[in-house]
Amino acid sequence: MSADLRARVLAAAAAQPSPTRAAVRRRNMLIGMAAAVSGIGAFVIFAVLMSESQLLRLGGDVVSQQHVQRPVWLVVATVGGAIGVAATALWLALGRGGSMLGRSPRWLFYGGVLIPVSLLVWKVSCSLAFGDAMVAWPERPGERCLSLSLLVAVGPLLSFLAIRRHAPVRPALNGAAMGLAAGACAWVAVDLWCPVAYVPHVLLGHVLPLFLLAGAGALLGRTVLSLRRR
Amino acid sequence: MTQSRISASGGGDGPHVDGADAAMERYARGDEAAFGELYDAIAPRLLGFLRKATRDAFAAEDLMQQTLLHMHRARGSFIPGAPVLPWAFAIARRLMTDHARRRRVELRLFSEAAADDDRIAYEPTATTAAADDVLHARRLEAQLRQRLEALPELQRTAYRLLQQEGLSLKSAADVLGTSVTAVKLRAHRAYVALRAVLREAGEPS
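What counts, and at which threshold
Residues numbered from 1 in each chain as written. Chains lettered and ligands numbered in written order. Predicted model: local features only at pLDDT ≥ 70, side-chain atom pairs only at ≥ 80, totals over all residues. Helix = DSSP H or I, 4+ residues; strand = E, 2+ residues; numbered from the N terminus. Buried ≥ 20, exposed ≤ 12 C-beta atoms within 10 Å, placed from the backbone. Contact = placed C-beta atoms within 7 Å. Core = buried A, V, L, I, M, F, W, Y, C linked by C-beta atoms within 7 Å. Nonpolar A, V, L, I, M, F, W, Y, C, P; charged D, E, K, R; others polar. pLDDT = per-residue confidence, 0-100. Axes fitted to C-alpha atoms, helices over the stretch in contact; angles between N-to-C directions. Parallel < 35°, antiparallel > 145°, perpendicular 65-115°, else oblique. Left-handed = near helix turned anticlockwise from the far one by under 90°. Expected span 1.5 Å × (residues − 1). Bend = angle between axes of the 7 residues up to and from the residue.

Novice: Help me out: how do you make sense of the overall build of chain B in this one?
Specialist: Looking only at helices and strands, one finds nine helices and zero strands in chain B. Secondary structure elements in chain B, listed N-terminal to C-terminal, are α-α-α-α-α-α-α-α-α. Out of the 205 residues in chain B, the part that is buried amounts to 33%. For chain B, contacts bridging at least 24 residues in sequence account for 54% of all contacts bridging at least 6.

Novice: Would you explain the overall build of chain A in this entry?
Specialist: Looking only at helices and strands, chain A has eight helices and zero strands in total. Secondary structure elements of chain A, listed N to C terminal, follow the sequence α-α-α-α-α-α-α-α. Expressed as a percentage of its 230 residues, the buried residues of chain A come to 35%. For chain A, restricting intrachain contacts to residue pairs at least 6 apart in sequence, the fraction spanning at least 24 positions comes to 88%.

Novice: I tried to follow the nonpolar core on my own but got confused; where do I start?
Specialist: The nonpolar side chains of soluble globular proteins are, as a tendency, buried together. Counting residues in each nonpolar core, the largest one holds 44 residues, and the members touching the most others are A:Ala86, A:Ala89, A:Ala93, A:Leu180, A:Ala181, A:Ala182 and A:Ala184. Elements with a minimum of two residues in this core: helix H4 (72-94), helix H5 (105-128), helix H6 (143-163), helix H7 (171-193) and helix H8 (199-224) of chain A. With 14 residues, H7(A) is the largest single contributor of residues to this core. Those residues in contact with A:Leu180, other than ones at most four positions away along the chain, are A:Ala89, A:Ala93, A:Gly112, A:Ile115, A:Leu210, A:Leu213, A:Ala214 and A:Gly217. Membership of the second largest hydrophobic core comes to 37 residues, among which are B:Ala60, B:Met64, B:Ala88 and B:Ile91.

Novice: Whenever I open this one, the interface of chain A and chain B confuses me. Can you help?
Specialist: The accessible area lost on association of the parts is a frequent measure of interface size. Between chain A and chain B, the residue contacts involve 27 residues of the former and 34 residues of the latter. If you list the elements that add at least two residues to the side of chain A that touches chain B, you get helix H1 (3-15) and helix H2 (21-58) of chain A. Ranked by residues supplied to the side of chain A that touches chain B, first place goes to H1(A) with seven residues. Class assignment of the residues belonging to the side of chain A that touches chain B gives a composition of 14 nonpolar, six polar and seven charged.

Novice: Any chance you could explain the environment of B:Gln163 here in plain terms?
Specialist: Residues and elements named next belong to chain B. Residue position: Gln163 is located in helix H7 (residues 153-164). Given 13 C-beta atoms within a 10 Å radius, Gln163 is considered partly exposed. In sequence terms Gln163 and Ala187 are 24 residues apart; their C-alpha atoms lie 9.1 Å from each other.

Novice: What am I meant to see in the environment of A:Met178 here?
Specialist: Residue and element names in this part refer to chain A. Looking at the secondary structure, you find Met178 in helix H7. In this structure Met178 comes out as buried when scored by C-beta crowding, with 33 C-beta atoms within 10 Å. On a C-alpha basis, the gap between Met178 and Gly221 in space is 8.7 Å, while along the polypeptide they are 43 residues apart.

Novice: Just to check I follow, could you spell out the confidence of the model for chain A for this structure?
Specialist: It should be kept in mind that the predicted coordinates are not to be read in detail where pLDDT is low. For chain A, the average pLDDT comes to 85, and 89% of its residues sit at 70 or higher. Across residues 60-66 of chain A, where pLDDT falls below 50, the model places six contacts with residues more than four positions away in sequence or in other chains.

Novice: What exactly am I supposed to notice about the packing of H5(A) against H7(A) here?
Specialist: Packed helices, taken two at a time, are described by the angle between their axes plus the distance between the axes. Residue and element names in this part refer to chain A. One way to put it is that H5 packs onto H7 with a least axis distance of 10 Å and a crossing angle of 15°. Taken together, the axes of H5 and H7 lie roughly parallel to each other. Here H5 and H7 pass one another in a crossing that is left-handed. Seen from H5, the contacting residues are Pro105, Leu108, Gly111, Gly112, Ile115, Leu119 and Lys123; seen from H7, they are Leu173, Ala176, Ala177, Leu180, Ala184, Trp187 and Asp191.

Novice: Explain the environment of A:Gln16 to me, please; I cannot follow it from the model alone.
Specialist: Here A:Gln16 is to be found in the loop between H1 and H2. Each residue touching A:Gln16, except ones within four places of it in the same chain, is listed here: B:Leu69, B:His72 and B:Arg73.

Novice: Would you take a moment to explain helix H3 (residues 34-54) of chain B for this structure?
Specialist: Given 3.6 residues per turn, any residue in an α-helix points the same way as the ones three and four places further on. All names here are of chain B. Given a rise of 1.5 Å per residue, 21 residues ought to cover 30 Å, and the 29 Å separating the end C-alpha atoms of H3 matches this to within 8%. Along H3, the helix axis deviates most sharply at Ile42, where the bend reaches about 45°; the proline Pro44 sits within four residues downstream. Within H3, burial applies to Phe35, Leu38, Tyr39, Ala41, Ile42, Ala43, Leu46, Leu47, Phe49 and Leu50. Looking one or two residues past H3, Arg55 carries a phi angle of roughly 55°, positive in sign.

Novice: Even after reading the chapter, I still don't get the confidence of the model for chain B, so can you show me in this structure?
Specialist: Residue and element names in this part refer to chain B. A residue-level look at chain B finds 70% of positions with pLDDT of 70 or above and a mean pLDDT of 74. Mean pLDDT across the elements of chain B ranges from a minimum in helix H1 (residues 2-9), with 38, to a maximum in helix H4 (residues 57-73), with 91. Across residues 1-15 the pLDDT falls below 50, and counting only partners more than four positions away or on other chains, this stretch makes 18 contacts in the model. In the model, residues 119-127 has pLDDT below 50 throughout and makes one contact with residues more than four positions away in sequence or in other chains.

Novice: Would you take a moment to explain the packing of H5(A) against H8(A) for this structure?
Specialist: Residues and elements named next belong to chain A. Close contact between H5 and H8 brings their axes to 11 Å; oriented N to C, the two are set at 160°. Between H5 and H8, the crossing angle belongs to the class labelled roughly antiparallel. When you trace H5 past H8, the crossing you get is right-handed. Taken together, the residues of H8 that come into contact with H5 (itself represented by Gly112, Pro116, Leu120, Lys123 and Val124) are Val199, Val202, Val207, Leu210 and Ala214. Split by residue class, the contact of H5 with H8 holds eight nonpolar, one polar and one charged.

This is the structure:
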């Protein structure tokens, strides 16, 4: 192997400064904070805007005040469980299992199936004990929860993609896992805001965004994470 | 402690792999000199792998360089104690796939363009030129094509974007994700190689 080639490679590397591990950690912390701020910001703005219209709606005869007031234990239980699942989703999506090639497809696939199922089952099973949460709300099909989920999750999804920019294998699958993790984080916010546990509503407003975000993550992952010649 | 963990993680891949893991770990922490050691430890294996896979020495060298530069750019995300060689091979393989895909597209475009050129060139020459002139032109074309295929992919692409696709230097640089100077240099090397073929054939270059 020629010394010329070695010199060329070393010179090319020297000409392109690259961040060290410490610098990457600092950068990732900043990106993580930006993701949290964007998610919380989107949630607060949306909740404030929607609460006014919600109050107007509550003035009508269709929805009684009783439907909105969830017991604290129910909120704590559903949100607490959702936080646990979201943390697991983040660990799956952002952790690499000690290998530079990331987690195996099997891990990512099982995570992709179990995370939405766990969130749905937890929400419904907690709410079963509180009958009023499960009643049908025809005026709340779930489109607002869908919008809130997507709004809250956009920032975190982009941040996760920025944090895991180098994925030499399975970029689409890794991107999908990141989308799912962002959706699971958004689920926590939506769960804080939305008192409805009617299953069709939950499927449309809470579960569907998980899959939409996973799909968006897969598409973005293929583009952003995939290796390209420079 | 980190050193011993890395050595232990090397498994049965031999002393070079342990050396590569240790060098990569030091490089991730900011020891700039460790990149040379990393190169010495993994470049021969990478190059052997790429040469066998591509059967093209120039492309293999280019892909090996790209692989190492990718590792250089991603050094900050290197996981302490992670084995470096599978990562390097995964990057090389991914880049090779990308390279092969581009090459297939180029070959298809080139063969379509050549078929068009054949039609255009054949119709008038069949009636006006002598048969041996046609034969000579065809041989020359084949030699030029062969030489172009033998060029490093970056030179070939730069040449094709400028000469066959008619892109400006700036556009070609954008397409290749490099500087205008680099595109000029690559295209110039391609021109030199193709002119050499013309000179050998006794044609004005």
